[in-house]
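Each chain, letter by letter, is given below.
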Amino acid sequence: MRFVYTLWEFIKKTQSFVGTTLFLLVAVICTLFILRTFVFDSKTDNLSSKSSALVIDFRGQIVEQRSFSNDPYKQILEGRIGSNTLLRDVIKAIDLAQNDKNIDMLVLNFDRFSGAYPSKLHFIGQKIEKFKMSGKRVVSYGALYNQAAYLLASFSDEIYMHPQGATLLYGYGGYQNYFLGFLEKINAEVQLFRVGKYKSAMEPFIRSDMSNDAKAASRELYGGLWDDYVAELARQRSLDENTIRLGIENADQLLIELGGDLGQLALKSSLIDGLKTRAEWVSYMHELVGKGDENQEINQIYLRDYLSSKMILSDLKPNKNVIAVVYASGSIMDGEMAQGTVGGDTLSRQLRDARNNDKVKAVVLRVESPGGSAFASEIIRQEVLLLKKEGKPVIASFGGVAASGGYWISANADEIWASPTTITGSIGIFGAIPNIEGTLAKIGITTDGVGTTSLVSAGINKPIPEKLRNIIQSNIENGYQRFLNLVAEGRGMTIAQVNEIAQGRVWSGRKALEIGLVDHLGNIDQAIEAAATRANLEDYKVVTVEDEIPLQIQLLSSLFNNQSEVAQYILNKRNSPEKILMRKITQKLSIFNKLNDPHHAYVLCVDCLAQFNKEY
């Protein structure tokens, strides 16, 4: 026994020694990596100082916050790791490049770009305009410009396209599937409770077509956003707005006259400045910035490499005055949630940490959410109120969408900033519980039982008891009244005034300013300045508040980005027509996975996310 004990002690000491040695080795490697990245190594040093290009290579969608689940391996199989571009990365890179002597031009590349909310496109466009004011050049090149890509490209001094490419402009709008007929065929139903005649989130489950109220609201929203789009294109390309509109409407006839050549159509319509093959583009870039060193074809640096090269140790220095930017990005759900979904407990904890941190003097709540759980939204709103009570200003900054629950959590902020093309409002509430009793009966499964009261429910296996239906509907109506009250309180309006612009209706940011739902039109930079002004800060540091991403996810994100062969293989496998159809159906039905409010009450604008961030 003594021998065994001695051996065990030896093993423990050996484990401790090996563990300590490995830890120190990893620490040394990490330190050397940080020093190399932040201090000694600058990838821009390899660029020609007289003329070099920064390539903004947009990947996937432009998002406020990357989405990560707790299962990174599932994300790999779904092709979702490393697939999007952070808005803050793009903005930071353009701001840095504006005053960087090593960068003389921007190149916008859209080969892997899939889309973004209009507000993000206009915001990046404003930064590009500021970059051009420094006397530096901006050019775009691509094989295919979708509508979002072309809006960004229009801010360039020159736009070039491959001769076999196309520029696709078709307007804003949205079509979706309606499932009533399908549910009737399988003897299922969605038991819906709602308040607000424009609250159309669950219409696809109770109708076979779009209601007239929903159509009217959508026409006004899309019309306003399209007006902004066309006006910006006309300004950037020095074209007449009517010419652009007529060109789109008559594109079929113009294309016939050009023998079906989409490249010539874009050129004749003055949407681009020239057609260039890949080889011609490389030759043109050699004229502008020269050849790159070593294996680099062109003297240029890509977005992510550039940001890595510009990170310095001074960025890590603390400051006694901090403005915390807290992100509410994704659907709002009850409990703790991974990044990319707004967990009521998660975001509340982050706001609470900011409140308890003496260095944090003000908070900017950056919202990009269609809403979700009313209960989780209220928990978050209470933390906003506590921040204000502590004397710390809270400024809400709306991204592409801040509707329903996204507006609920923002209504009591000291100021609300939105872009003209932000999608906001949708002040309404609903509850939805499926009933699949008929579906089960078709395959020989029946449900029966007893309860001590008439409120006992069989869940989704039978219709909700009448008394329970009354309770849920009453709670929904009470929730709507609470929504009206908190908006009235936060916006300095009467309940009647709020009710007039509520009813679940969605508005653009520009219209929201007119009706009093927001205070100012502007981007996150202006919201941060407003926070500094309210907190009387001149010297301050802006810090992003996010939960730490697990190391394994960070590593996998680097390995399996959109440029990897594995990612491309997975994406290609996912995009067959039949899989696209199945994904559309499952994505629509997956909404029920996000409805986890303990009271079955939801402030959610389902369509707000669907129309501008489409995945095909």
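Residues numbered from 1 in each chain as written. Predicted model: local features only at pLDDT ≥ 70, side-chain atom pairs only at ≥ 80, totals over all residues. Heavy atoms only, no water.

**Some details on the overall build of the chain**
Consideration 1: Assigned secondary structure in the chain consists of 25 helices and 21 strands.
Consideration 2: Contacts spanning at least 24 positions in sequence make up 76% of the contacts within the chain whose residues lie at least 6 apart. (Helix = DSSP H or I, 4+ residues; strand = E, 2+ residues; numbered from the N terminus. Contact = heavy atoms within 4.5 Å.)

**Overview of the packing of helix α3 (residues 87–98) against helix α4 (residues 118–133)**
Consideration 1: In contact at an axis separation of 9 Å, α3 and α4 are set at 10° when each is read in the N-to-C sense. Overall, the two elements α3 and α4 adopt an arrangement that is roughly parallel. Contacts between α3 and α4 involve L87, V90, I91, I94, D95, A97 and Q98 from the former and K120, F123, I124, K127, I128, K130 and F131 from the latter.
Consideration 2: Across the contact of α3 with α4, the residue classes break down as nine nonpolar, one polar and four charged. (Axes fitted to C-alpha atoms, helices over the stretch in contact; angles between N-to-C directions. Parallel < 35°, antiparallel > 145°, perpendicular 65-115°, else oblique. Nonpolar A, V, L, I, M, F, W, Y, C, P; charged D, E, K, R; others polar.)

**Overview of the side chain of H122**
Consideration 1: Within the fold, H122 resides in helix α4.
Consideration 2: On the basis of relative accessible area, H122 is assigned to the buried category, the value being 11%.
Consideration 3: Look past the residues within four positions of H122 in its chain and what remains in contact with it is L151, D228, E232 and T421. (Buried < 20%, exposed > 50% of the residue type's maximum accessible area, 1.4 Å probe, protein only.)

**Structural notes on the nonpolar core**
Consideration 1: With 71 residues, the main nonpolar core has I56, F58, F113 and I124 as its most contacted residues.
Consideration 2: A per-element tally of this core places helix α8 (residues 212–237) first, with eight residues.
Consideration 3: Once residues lying within four places of it in the same chain are set aside, the contact partners of F113 are F58, G60, I62, L121, N146, A148, A149 and L152.
Consideration 4: Among the nonpolar cores identified, the runner-up in size contains 54 residues, and V195, L347, I464 and M493 belong to it. (Core = buried A, V, L, I, M, F, W, Y, C linked by side-chain atoms within 4.5 Å.)

**Description of the confidence of the model for the chain**
Consideration 1: Residue-level pLDDT values for the chain average 84, and 77% of them are 70 or greater.
Consideration 2: Taken as a whole, residues 31–49 scores under 50 in pLDDT and shows 31 contacts with residues more than four places along the chain or in a different chain.
Consideration 3: This stretch, residues 562–571, has a pLDDT under 50; its non-local contacts, to residues over four places away or in other chains, come to 20 contacts. (pLDDT = per-residue confidence, 0-100.)

**Considering the pattern of salt bridges**
Consideration 1: Considering all chains together, one arrives at 29 salt bridges under this definition.
Consideration 2: One salt bridge in this structure joins D157 and K132, with 4.0 Å as the shortest N-O distance. Placement of the pair is D157 in the loop between α5 (147–153) and β5 (158–167) and K132 in helix α4, with a sequence separation of 25 residues.
Consideration 3: Residue classification places K132 among the partly exposed residues on the basis of a relative accessible area of 22%.
Consideration 4: The partner of R349 in a salt bridge is D547, and the shortest N-O contact between them spans 2.9 Å. Highlighted residues: R349 in helix α14 (residues 344–356) and D547 in the loop between β20 (541–545) and α22 (551–559), separated in sequence by 198 residues. (Salt bridge = Lys/Arg side-chain N within 4 Å of Asp/Glu carboxyl O.)

**Describing the packing of α8 against helix α9 (residues 241–249)**
Axis angle and axis distance: for two packed helices, these are the angle between their axes and the distance between the axes, and together they describe the pair.
Consideration 1: With their axes 9 Å apart at the nearest point, α8 and α9 run at an angle of 115° to one another. As summarised for this structure, α8 and α9 are arranged roughly perpendicular, according to the angle between their axes. Judged by the twist between their axes, the crossing of α8 over α9 is right-handed. In contact with W226, D227, V230, A231, L233 and A234 of α8, α9 contributes E241, I244, R245 and I248.
Consideration 2: Residue composition of the contact of α8 with α9, by class: seven nonpolar, no polar and three charged. (Left-handed = near helix turned anticlockwise from the far one by under 90°.)

**Comments concerning the packing of aromatic side chains**
Consideration 1: Following the criterion strictly, the structure yields 15 aromatic pairs and no others.
Consideration 2: Geometrically, the ring pair formed by Y145 and Y150 is edge-to-face, given 6.3 Å between the ring centres and 85° between the ring planes. Grouping residues by exposure puts Y145 and Y150 together as buried.
Consideration 3: Note on Y160 and Y284: the rings are 5.3 Å apart at their centroids and 65° apart in plane angle, and the pair reads as edge-to-face. Taken together, the residues Y160 in strand β5 and Y284 in helix α12 (residues 278–289) connect sequence positions 124 residues apart.
Consideration 4: Judged by its relative accessible area of 12%, Y284 is buried.
Consideration 5: Pairwise contacts between aromatic rings join F58, F110, F113, Y145 and Y150 into one cluster. (Phe/Tyr/Trp six-rings, centres within 6.5 Å; stacked < 30°, edge-to-face > 60°.)

**Looking at unusual backbone geometry**
Consideration 1: With a phi angle near 55°, N187 is a residue other than glycine that sits in the positive phi range.
Consideration 2: Tracing the backbone shows N187 in the loop between α6 (180–185) and β6 (189–195).

**What to know about the pairing of strand β9 (residues 322–329)**
Consideration 1: Here β9 lies mainly inside the structure; eight of its eight residues are buried.
Consideration 2: Residues of β9 alternate between two faces, with V322, A324, V326 and A328 on one and I323, V325, Y327 and S329 on the opposite face, all of them buried.
Consideration 3: As paired elements, β9 and strand β12 (residues 360–369) share eight bridges and run parallel to each other. Residue pairing in the sheet places Y327 in a bridge with R366 of β12. (Pairing = 2+ DSSP bridges.)

**Some remarks on the environment of K199**
Consideration 1: Note that K199 resides in the loop between β6 and α7 (203–206).
Consideration 2: The exposure class of K199 is buried, given its relative accessible area of 2%.
Consideration 3: The spacing of K199 and S426 is 227 residues in sequence and 7.0 Å in space, taken between C-alpha atoms.
Consideration 4: When near neighbours in sequence (up to four residues on either side) are disregarded, K199 contacts R194, S404, S426, G428, I429, F430, Q503, G504, V603, L604 and C605.

**Considering the pairing of strand β4 (residues 137–145)**
Consideration 1: Across five bridges, the pairing between strand β3 (residues 105–115) and β4 is parallel. Pairing of L106 across the sheet is with V138, part of β4.
Consideration 2: A crossover links β3 with its parallel partner β4, the connecting element being α4, and its sense is right-handed.
Consideration 3: With α5 bridging β4 and its parallel neighbour β5, the resulting β-α-β unit is right-handed. (Right-handed = clockwise from strand over helix to strand, strands pointing away.)

**Describing helix α18 (residues 466–491)**
Consideration 1: Between its terminal C-alpha atoms α18 stretches 37 Å, which fits the 38 Å expected from 26 residues at 1.5 Å a residue.
Consideration 2: Positive phi appears at G492, one or two residues downstream of α18, with a value of about 65°. (Expected span 1.5 Å × (residues − 1).)

**Points about a nonpolar patch on the surface**
Consideration 1: The grouping of L144, L168 and Y170 at the surface amounts to a nonpolar patch, some 310 Å² of accessible area in total.
Consideration 2: Locating L168 in the fold gives a position in the loop between β5 and α6. (Patch = residues over 30% accessible without salt bridge, like charges linked within 9 Å, V, L, I, M, F, W, Y side chains within 5 Å. Areas by Shrake-Rupley, 256 points an atom, 1.4 Å probe, with all protein chains shown as cover.)

**Re the environment of A418**
Consideration 1: Among the structural elements, A418 can be located in strand β15 (residues 415–418).
Consideration 2: Expressed as a C-alpha distance, the spacing of A418 and R510, which sit 92 residues apart in the sequence, is 8.1 Å.
Consideration 3: Apart from residues lying up to four places away in sequence, A418 is in contact with F398, G509, V518, H520, L521 and G522.

**Here's the deal with the side chain of S419**
Consideration 1: Examined against the element boundaries, S419 turns out to sit in the loop between β15 and β16 (423–425).
Consideration 2: In this structure S419 touches S119, F398, G509, R510, L521 and G522, once residues within four positions along its chain are discounted.

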